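# Topology and contacts: notes
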Amino acid sequence: MEEHHEKFVEVRVITTSGIYPEVGFERVNDHEHVETVLKKAAEKLHIIDTVGWIAVVDGRKIDIVKSFRDNGLSGRVEILFEHQHEKSAEVRVITTSGVYPEAGFDRVPEHQHVEVVLKKANEKLHIADTAGWIAVVGGRKIDIAKSYRDNALSGRVEIDWGPDHGAGGYA
Amino acid sequence: MHEAASRALFEEEVAKFRPELLETRGWTLFSAQYPVLDVGFSARDGARLRLRLLCDDWNERPPSVVFLDWEGSPLSSIDRDPSGVFNNSPHPITRKPFICMKGVREYHTHSSHIADSWETVKGSDKFTLGGILTQLWHVWRGLHK
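Keep in mind that this is a model prediction, so the values were computed, not measured.

The number of helices and strands found in chain B is 4 helices and 6 strands. Going residue by residue from the N terminus, the α and β elements of chain B occur as α-α-β-β-β-β-β-β-α-α. Expected size for 145 residues packed as a compact globule is a radius of gyration near 15 Å; at 14 Å, chain B falls within 12% of this value. With respect to the three principal axes, the spread of C-alpha positions in chain B is 40 × 35 × 25 Å. For chain B, the proportion of its 145 residues judged to be buried stands at 51%. Taking the contacts inside chain B whose residues are at least 6 apart along the sequence as the reference set, 44% of them involve residues at least 24 apart.

A common measure of how large an interface is: the accessible area buried when the components associate. Contact with chain B, which involves 32 residues of that partner, is made by 31 residues of chain A. Between chain B and chain A, a total of about 2400 Å² is buried, with carbon and sulfur atoms accounting for 53% of that surface. Linking chain B with chain A are 3 salt bridges, by the criterion used here. E102 of chain A serves as the salt-bridge partner of R18 of chain B, at 3.6 Å between the closest nitrogen and oxygen. The tally of links between chain B and chain A comes to 5 residue pairs in polar contact (both at pLDDT 80 or more). Of all the secondary-structure elements, those providing two or more residues to the side of chain B that touches chain A are α2 (19-25) and α4 (129-141) of chain B. Of the residues forming the side of chain B that touches chain A, the biggest block, 8 residues, is contributed by α4 of chain B. Broken down by class, the residue content of the side of chain B that touches chain A amounts to 11 nonpolar, 12 polar and 9 charged.

What follows deals with the packing of aromatic side chains. Considering all chains together, one arrives at 11 aromatic pairs over all chains under this definition. Plain terms: the ring middles of W133 of chain A and W161 of chain A are 5.4 Å apart, the flat faces sit at 65 degrees to each other, and that makes the pair edge-to-face. With W133 of chain A in strand β10 (residues 133-137) and W161 of chain A in strand β12 (residues 155-163), this pair connects stretches of sequence that are 28 residues apart. On the numbers, 5.5 Å between centres and 85 degrees between planes, the contact of F67 of chain B with F86 of chain B is edge-to-face.

Residues and elements named next belong to chain B. With respect to the helices, strands and loops of the structure, E106 is situated in helix α3 (residues 105-108). Since its relative accessible area comes to 5%, E106 is described here as buried. Along the backbone, E106 and S64 are 42 residues apart, and their C-alpha atoms lie at a distance of 6.3 Å. Not counting residues up to four positions away in its chain, the partners in contact with E106 are P63, S64, V65, H91, T94, F98 and I99. In terms of polar contacts, E106 uses its side chain to reach the side chain of S64, at 2.5 Å.

What follows concerns helix α1 (residues 3-14) of chain B. A rise of 1.5 Å per residue sets the reference length of α1 of chain B, with its 12 residues, at 16 Å; its end C-alpha atoms lie 16 Å apart and thus fit the reference within 8%. Elements in contact with the buried residues of α1 of chain B: β1 (27-33), β2 (36-42) and α4 of chain B.

Time to look at the side chain of H108 of chain B. All names here are of chain B. Residue placement: H108 occurs in helix α3. Separated by 2.9 Å, the side chain of H108 and the backbone nitrogen of G103 make a polar contact. A distance of 2.8 Å separates a polar atom in the side chain of H108 from the backbone oxygen of D116.

Residue and element names in this part refer to chain B. Spatially, the 4 strands line up as an open sheet ordered β1-β2-β3-β4, and their pairing is antiparallel. At either end of the open sheet lies a strand with only one pairing partner, and these are β1 and β4 (64-68). In this sheet, neighbouring strand axes are inclined to one another by 15 degrees on average, regardless of whether the strands run parallel or antiparallel. As paired strands, β1 and β2 are joined by 6 bridges and run antiparallel to one another. In the strand pairing of β2, L29 is matched with V39. Contacting β1, β2 and β3 (48-54), α4 crosses the sheet at an angle of about 30 degrees to β2.

One face of the sheet, then the other: side chains in a regular strand alternate in exactly this way. Residue and element names in this part refer to chain B. Of all 7 residues in β2, 5 are buried, a share of seventy percent or more. Here β1 folds back onto β2, and the loop between the two strands holds 2 residues. In terms of strand pairing, β2 meets β3 through 7 bridges, oriented antiparallel. Residue pairing in the sheet places G40 in a bridge with R50 of β3. Hairpin connection of β2 to β3: 5 residues between the antiparallel strands, including G46 at a positive phi of 95 degrees.

Reading the values: the criteria
Residues numbered from 1 in each chain as written. Chains lettered and ligands numbered in written order. Predicted model: local features only at pLDDT ≥ 70, side-chain atom pairs only at ≥ 80, totals over all residues. Heavy atoms only, no water. Helix = DSSP H or I, 4+ residues; strand = E, 2+ residues; numbered from the N terminus. Rg over C-alpha atoms; globule rule 2.2 N^0.38 Å. Buried < 20%, exposed > 50% of the residue type's maximum accessible area, 1.4 Å probe, protein only. Contact = heavy atoms within 4.5 Å. Buried area = accessible area lost by both parts, 1.4 Å probe. Salt bridge = Lys/Arg side-chain N within 4 Å of Asp/Glu carboxyl O. Polar contact = N/O pair within 3.5 Å; in protein donor to acceptor, adjacent residues only side chain to side chain. Nonpolar A, V, L, I, M, F, W, Y, C, P; charged D, E, K, R; others polar. Phe/Tyr/Trp six-rings, centres within 6.5 Å; stacked < 30°, edge-to-face > 60°. Expected span 1.5 Å × (residues − 1). Pairing = 2+ DSSP bridges. Axes fitted to C-alpha atoms, helices over the stretch in contact; angles between N-to-C directions.

Spelled out as structure tokens, the structure:
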């Protein structure tokens, strides 16, 4: 009898409408077609029309009607799911706890809210409490609840992420 | 706190100050040898300030901070900021200008703030060495954009 080894991938789908699953990653069989997870993500994030959308992993467009395995994907997989004509920004988050990503920049759609990449940075850099933190780009404080486009950001973006100035005690 | 544990925590935190951070913020790391963290801030308008954080017993106690000129000599006076963090009046213990902000030893040992315990904020992400320095940098940045 042939021995059967099932392999799994941990998947997260990132869109301008949010992230699926909301926390962590979904564990799926690597034989599963990518589109199965994307459909679940679209449903959960209330994305009605995904015609003309593409899936990108590490800057490479993948074939969603093929399995994770056939796309050469294993381990942890972050799928950027976006409209084909969406403009992208290259983003890096700089903190005193380290830099995200570790090397280079993250490619994100310009419509994506800034807080999405900050959440990923927090997770990766083990930053738990960001109450009272601000994001600064080129000396300007930006609104993390808005998109890069709405913050007039494009191209390469370095986000300085950390606590705002402390309050004086007036001693 | 045992000195070895204090040193290990200090070194772990300071090791995360990447070159990208120093470049983006205009920070110069003069010393990161336990227990001294000596950092200079540079602004686009040419202004500079150097802060020496004495981190003995970190993080059982918050760092003690001294204002220095770029050459490393203590400053006898400093530019005040609107929020009152950079305080020119003599501290009751050190008799020198001091930083009046949570997370700095001179704040928590000041007679006006004795009741505001370091213990309540110690260990949070806002009050790591990097978090404290970032808060101070934003105060100073507000004076020198």
